[in-house]
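Tertiary structure, described
Below, each chain spelled out in residue letters.
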Amino acid sequence: MSEISRRNLFRAAGVLGASAAIPAELRAEARQSRPSPAARQQAHPKPAARAPYRFFNTLEAAFIEAAVDRLIPPDSQWTGAVGAGVPGYIDLQLAGAYGQGARLYRSGPWDTGLPSQGYQLALTPAQLYRTAIASLDRQLKQHVSSGAKNAPAFARLSSDDQDGVLRDLEAGKMDLSGIPSAVFFETLLANTIEGFFSDPMYGGNRDMVGWRMIGFPGAYATYLGIYTNHGERFTREPMSIAQSPQEHHPMPGGLPPFDSGVQRRG
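The model shown is predicted, which means the values in this text are computed figures rather than measured ones.

Quick notes on the overall build of the protein chain
Within the protein chain one finds ten helices and two strands. When the helices and strands of the protein chain are listed from N to C terminus, the series reads α-α-α-α-α-α-α-α-β-β-α-α. Among the 266 residues that make up the protein chain, the fraction classed as buried is 39%. Long-range contacts, defined here as pairs at least 24 residues apart, represent 65% of the contacts in the protein chain between residues at least 6 apart. For the protein chain, the accessible area works out to roughly 14,700 Å², and carbon and sulfur atoms hold 54% of it.

Below you can see the structure in the form of structure tokens.
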């Protein structure tokens, strides 16, 4: 996880995910164009009143809010993970079926697996987060002297020191009460990316800022009425799955029309 490649990596990952819907030439054109004032406002949506966390306690919330904003930090053009509502997304997932490991095999045996075998711990995702964050906080408090003694340690670190802790977690240099730190980091990073780019109906990607950043129009049920219109700019606003079912109707008559920005090339 280098400082240079981190944000570009997230953008590239998102573009790859959207590549089936957006022609390559249009994506390149979008990257080169300067954002309008309205677009800049959409890139930095106004902070919404945050709903109370359902899973995270105060210590966990402080760590998550600080950590995800280092994984996807804000810049001059786009908001970061906190502005996109990623902490709320992760909280909702951990409070629900994902957090309880509803789809995990949990009957053992719990032998150490190979890296290619993926997640091999007996803990649910909720237990993983709760155990790892508490252990990390205890270890950091032995070295952090700034701020209130009982305040969450990670949030009291400088940005550079927070990046250093995240690198140690990623490299597997820490033991979090029996949890390999690389496993916790991989889970945190995956959930952060999900919260930044997934459909807003799941609690993250506020105002579809992640989609606006990469030029993804949203996961329509189908593009039957337009997928053969090659060489046309697709400028329609992104659309969430949760928006009107009529606008996701699979038949051409159910699709919303192109806006005035549509221009045929050649």
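Continuing now.
A look at unusual backbone geometry
Geometrically, the link from G108 to P109 is a cis peptide bond, its omega value of 0° lying close to zero. Phi at S177 is positive, roughly 55°, even though this residue is not glycine. Relative to the helices and strands, S177 resides in the loop between strand 1 (175-176) and strand 2 (179-180). Positioned with a positive phi, D207 is a non-glycine residue whose angle comes to about 55°. Structurally, D207 is set in the loop between helix 9 (181-197) and helix 10 (209-214).

A short note on the packing of helix 6 (residues 125-141) against helix 9
For any two helices packed against each other, the geometry is given by the interaxial angle and the distance between the axes. Taken N-terminus to C-terminus, the directions of helix 6 and helix 9 make an angle of 120°; their axes are 11 Å apart at the nearest point. Relative to helix 9, helix 6 is oriented so that their crossing is left-handed. For the pair helix 6 and helix 9, the contacting residues are L128, Y129, A132 and I133 in the first and F184, T187, L188 and N191 in the second.

Here we look at the packing of aromatic side chains
In this structure the tally under the stated criterion is eight aromatic pairs. Residues F196 and F197 carry aromatic rings whose centres are separated by 5.1 Å and whose planes lie at 80° to one another, so their mutual orientation is edge-to-face. According to the relative accessible area criterion, F197 is buried, its value standing at 13%. Here the aromatic cluster, defined as three or more aromatic residues joined through ring pairs, consists of Y53, F55, F56, F63, Y129, F154 and F184. Across from the ring centre of F55, 4.1 Å away, lies the NZ or CZ of R130, which sits over that ring.

So, the pattern of salt bridges
Evaluated as defined, the whole model comprises five salt bridges. Across the salt bridge formed by D137 and K141, the nearest N and O atoms sit 3.0 Å from each other. Taken as a pair, D137 and K141 lie in helix 6 at a separation of four residues, close to a single helical turn. What makes K141 partly exposed here is its relative accessible area of 30%.

Things to note about the environment of A132
Secondary-structure assignment places A132 in helix 6. By relative accessible area, which is 0% here, A132 ends up buried. Each C-alpha atom of the pair A132 and I179 lies 6.8 Å from the other, and the pair is 47 residues apart in sequence. With sequence-adjacent residues up to four places away left out, A132 is seen in contact with L176, I179 and F184.

Some words on a nonpolar patch on the surface
Together, M201, Y202 and I241 line one region of the surface with nonpolar side chains, adding up to about 280 Å² of accessible area. Mapped onto the elements of the fold, I241 is located in the segment after helix 10.

Section: the environment of I90
Take I90: it is sitting in helix 5 (residues 86-95). Sequence separation between I90 and E194 is 104 residues; the distance between their C-alpha atoms is 8.7 Å. Contacts of I90, omitting those with residues within four sequence positions, involve F56, V68, Y129, L188, N191 and T192.

Considerations on the packing of helix 4 (residues 58-71) against helix 5
Where helix 4 contacts helix 5, the two axes come as close as 9 Å, and the packing angle between them is 125°. Considered as vectors, helix 4 and helix 5 are oriented oblique to each other. Crossing handedness for the pair helix 4 and helix 5: right-handed. Residues I64, E65 and V68 of helix 4 pack against V86, P87 and I90 of helix 5. Class assignment of the residues belonging to the contact of helix 4 with helix 5 gives a composition of five nonpolar, no polar and one charged.

Things to note about the confidence of the model for the protein chain
Caution applies to low-pLDDT parts of the model: their predicted coordinates are not meant to be read in detail. On average, residues of the protein chain score 79 in pLDDT, and 70% of them are at 70 or above. Long-range and interchain partners of residues 14-34, a stretch whose pLDDT sits below 50, account for 18 contacts in this model, where long-range means more than four residues apart.

Cut-offs applied
Residues numbered from 1 in each chain as written. Predicted model: local features only at pLDDT ≥ 70, side-chain atom pairs only at ≥ 80, totals over all residues. Heavy atoms only, no water. Helix = DSSP H or I, 4+ residues; strand = E, 2+ residues; numbered from the N terminus. Buried < 20%, exposed > 50% of the residue type's maximum accessible area, 1.4 Å probe, protein only. Contact = heavy atoms within 4.5 Å. Areas by Shrake-Rupley, 256 points an atom, 1.4 Å probe, with all protein chains shown as cover. Axes fitted to C-alpha atoms, helices over the stretch in contact; angles between N-to-C directions. Left-handed = near helix turned anticlockwise from the far one by under 90°. Phe/Tyr/Trp six-rings, centres within 6.5 Å; stacked < 30°, edge-to-face > 60°. Lys NZ or Arg CZ within 6 Å of the ring centre and 35° of its normal. Salt bridge = Lys/Arg side-chain N within 4 Å of Asp/Glu carboxyl O. Patch = residues over 30% accessible without salt bridge, like charges linked within 9 Å, V, L, I, M, F, W, Y side chains within 5 Å. Parallel < 35°, antiparallel > 145°, perpendicular 65-115°, else oblique. Nonpolar A, V, L, I, M, F, W, Y, C, P; charged D, E, K, R; others polar. pLDDT = per-residue confidence, 0-100.

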